[in-house]
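Per-entry structural report
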Amino acid sequence: MRRRRLRIALLTLPALVVSSVLLANPAANADPTTRSKLENADGASLVHIELTGADMLDKVTNAGFDIEHGLKRVPNGIEGEAVATADEVAELEALGVKVLADGEGFEWPAVADGGIAPSFGARSAQTLTHEQTVRVVRADWFTTKGQGFLYVEARTTEGNQSDPVVGMQLENDSGKNTPFGYARTMSRFVDSGQYMFHRNLFKLDTRPNQIRVTSSTGGVTTGAVSDWLEGAPPPLTEGPGYESNFIDGYKHPQQLYARAKEIAEQYPDIAEIIYLPNKTNGYQRKAQATIGGTGQSAVVVSSAAWGHEGGNDITVEFVDRPGAGLPLGVEVTGKAIRVLLAKDAAGALASTAAQVSAALETQSQGLVDRAHPYRTNAGTGVVAATPGPVALTDFLDQKRVGAPEGEVPRGPATIPVLRIGKYRDGRNPGVLIQAQDHAREWVPATTSLEAAERLVHNYRTDRETKKIVNDTDVFFILSNNPDGANYSFYNFASQRKNMTNHCPDADADPGRRDSWGVDLNRNYRVGSGHDGYSGGSFSCTSGTYQGPEELSEPESKNIIWLVEKHRNIKFMMSVHSNGGQLFWQPGAYIADGRITTPRPPLGDEAFYWQSAGRILSQVKNYRETVVTPENVGGSSDVLYSSAGNVREDLYYTYGIYAFGWEVGGSVYNPATGNWQGGSFQPPWEGQPDLVSGHSETMEYANGIMEMFRIAAEWGKDKKDPNSDLVPGGGRFRGSVDVHFETNEPATIYYTTDGSRPTLQSPRYEATEFREPGQVFHVTETTTFNWFSVDAAGNVEKNYDPDKNGRNYRKATITIVD
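Treat the numbers as computed from the prediction; the structure is a model and nothing was measured.

Cut-off values and rules
- Residues numbered from 1 in each chain as written.
- Predicted model: local features only at pLDDT ≥ 70, side-chain atom pairs only at ≥ 80, totals over all residues.
- Heavy atoms only, no water.
- Helix = DSSP H or I, 4+ residues; strand = E, 2+ residues; numbered from the N terminus.
- Contact = heavy atoms within 4.5 Å.
- Buried < 20%, exposed > 50% of the residue type's maximum accessible area, 1.4 Å probe, protein only.
- Pairing = 2+ DSSP bridges.
- 1 Å grid on protein atoms, 1.4 Å probe; cavity = no way out; pocket = protein on both sides within 12 Å on 5 of 7 lines; lining within 4 Å.
- Points joined across faces, edges and corners; volume = space filled by probe spheres on them.
- Polar contact = N/O pair within 3.5 Å; in protein donor to acceptor, adjacent residues only side chain to side chain.
- pLDDT = per-residue confidence, 0-100.

Considering the arrangement of structural elements, one finds isoleucine 314 in the loop between strand S16 (299-306) and strand S17 (315-319). Sequence-wise, isoleucine 314 and alanine 391 are 77 residues apart; in three dimensions their C-alpha atoms are separated by 6.1 Å. Isoleucine 314 has contacts with Ser303, Lys335, Ile337, Leu367, Val390, Ala391 and Leu392, leaving out every residue within four places of it along the chain.

Below, the discussion takes up the pairing of S17. Counting buried residues in S17 gives 4 out of 5 residues, a clear majority hidden from the surface. Both S17 and strand S19 (residues 336-340) contribute to a ladder of 5 bridges, which runs parallel. Within S19, the position partnered with threonine 315 by the bridge is alanine 336. Examined bridge by bridge, S17 and strand S21 (residues 390-391) share 2 bridges and lie antiparallel to one another. Note that in S21 the partner of valine 316 across the bridge is valine 390.

As a further point, take empty space enclosed by the protein. Going through the model one piece at a time under the given rule, you end up with 2 cavities of 30 Å³ or more. In this structure, the second largest cavity encloses a volume near 50 Å³. As for the second largest cavity, its lining consists of Pro235, Leu236, Arg454, Gln618, Asn702, Met705, Glu706 and Arg709. Per-element tally for the lining of the second largest cavity: the top contributor is helix H12 (residues 693-716), with 4 residues.

Right, let's get into helix H11 (residues 646-654). For H11, the buried fraction is high: 8 of the 9 residues fall into the buried class. Listed as buried for H11 are Val646, Arg647, Glu648, Asp649, Leu650, Tyr651, Tyr652 and Tyr654. Buried residues along H11 sit against strand S23 (430-435), helix H8 (554-565), strand S25 (569-584), helix H9 (602-623), helix H10 (635-638) and strand S29 (657-664). Measuring from the side-chain oxygen of the N-cap residue of H11 to the backbone nitrogen of arginine 647 gives 3.0 Å; that N-cap residue is asparagine 645. Downstream of H11 by one or two residues, glycine 655 has phi in the positive range, about 70°.

Our focus in this paragraph is the sheet that holds strand S6 (residues 147-156). On the basis of which strands lie adjacent, the open sheet formed by 5 strands has the order S9-S10-S6-S5-S13 and mixed pairing. Of all strands in the sheet, those with a lone pairing partner are strand S9 (187-191) and strand S13 (226-227), marking the two edges.

In this structure, alanine 342 sits in the loop between S19 and helix H4 (353-363). A relative accessible area of 12% places alanine 342 in the buried class. For the pair alanine 342 and leucine 328, spaced 14 residues apart in sequence, the C-alpha separation works out to 4.3 Å.

Here we come to the confidence of the model for the chain. Across the chain, the average pLDDT comes to 91, with 92% of residues at 70 or higher. Note that residues 8-41 has pLDDT below 50 and, in this model, 84 contacts with residues that lie over four places away or in other chains. Scored below 50 in pLDDT, residues 118-127 shows 20 contacts in the model against residues more than four places distant or in partner chains.

Below, the structure is given as structure tokens:
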């Protein structure tokens, strides 16, 4: 009999009709030599800031600040870092940003503070019921480098109450049959004005067995403590003769692509190269100059040809001729342009910047395709003669300190995909590893290449690696943003976006060159900023600029082409840095009301969590780095809204389990007793136990290898799930609370009206986000009909919901007086 394998139908996102406001750039009058607010070194310093949520984050990035570093969710929203001058700090404060003094940022309390002082008598702990006002979401024990920690997340149904704010306190025991104690106040987390949960993370030397959470309005509940990333099986690297540690330093795109091609040539039986069809817009720029300062007399000139194709050979000279009553004119000799400035009847210069710009665009014999007044100026000032010819340049020869040796190939690039698998014909589940959407994130590329090297080098000698290669079909995009990555390596280390300049004249002068480009992880179609979701900017100089339209960029078009051509791709990891997070859907929300994209079905959510535990356990195995539970889950809950990200598109459109991974992040330092953060480009060796590009590469490659094992097992899974209604059918007096349980991650479809359950029936949902399934309060006799579908598509009892089968599960709750 053919097994039933279904992929759960996902909710369709509603089309949202919204009005979009283009935010003006407050820094419109900045000096043209200013490259960006991130790299403006004159009087700038690193400042810590607090934002209320994704809506404020949008405002700040639209204003030209790059704060996509060091971001973390805190009780009042999001904390981050920005490099800013005193004037820019004032600008941030005018936007409503709270600038934090040294030591003012959020830190988890180090000691128990005695908890809240409730004005109520003690009550017995509530069992899981529909009336429960306080619920434990998570209670996790983990250890790292000899230190134990307890993380607790709880929620009160009265959390949105603001007058007064409902407080929560946490107590823990010290093991089985020990009393509760060590009361401490829990931190209340709010995002964009919406209550999310209460949380605590603190050190403990002894693993507790139970916790108790109490609210200031009298709610109380207990919960069991679970292990987080404890007792994981050894990593593949501990196998006899296993080879690893192949990467000896950061790699720019040319090195990554060359090695991918070598691997395909060296291992043709298990590897090949696929070339993506859409070439990038290229590591190339038009040659430019801003002539005449920054005032009303300034003119910005851009070549028609790319700099390397002749634009860099162009010169422009503004000429003051003797005489009076002379018209404005342009002479072109080869690549030399002479603008003959007009003279009035008295012999004074009379050409305005606007007039000179128009003349250059129309009379330069095609050498200039863009000339305009500086930024938002009207160009009413009279242009002065230049001392001599001014050379246009694309600025790409101006290398940053520490840039690699050699030259970068100019022009559009073709991105290769390294495909590894014994059977590359679509029979096995595909896994897409996509690195370096964001150019300055260098560790994701080395992490991905290390994983590829481990696959091919260990295929013939390691049994587990052979199973991975035989049972999966892996697609590596080692750098999805080669143009931006090259710009980061050679010109501007903090480059985030690609190099495409979509800016209008107001932001098209060379002083803005480090702010051009599209954030490729905001350029997709689901939960997009174009549909009103937060986290994607309409400002072309913003670090999160989403592009002029969805899928405007060749890099994002390529991803869609790849997953549509290779429909066996069922898993995807978009590898980023350096937040130390692992997340999935929902990844975007509308700030007003914090309306997220649809949350995954409960079975998918459970599968994501199960997979995350396995992946992160292998990361921990390398040097005991722990990605804490607060940094795992839906990305809009873990961090912020990122409108138009690739994970959303691949999951909702194609049913691909799409993870986002922020490698790096904070590592516990036992010497100081604190968590120490990283950076986008940590020193390669650095401090191996703390901040090190090499260590991050090795430990997160462990995690990628575990993801391959998950995919291989998923492809082999033919076992049906089992589910139960708890406490089950029977006779109950008055009423009863019931809920569903499954033996593995699975989604349940049910009916209570006597009809057959189908994929269109109600789906068993979580009580609230990040929580287990809902509780049904049954007050009259009710029959539940249901079936479950696991993550691999296996249907309980091989039931066919599309036909007229009757082998679904059934239980009747009989209520008697």
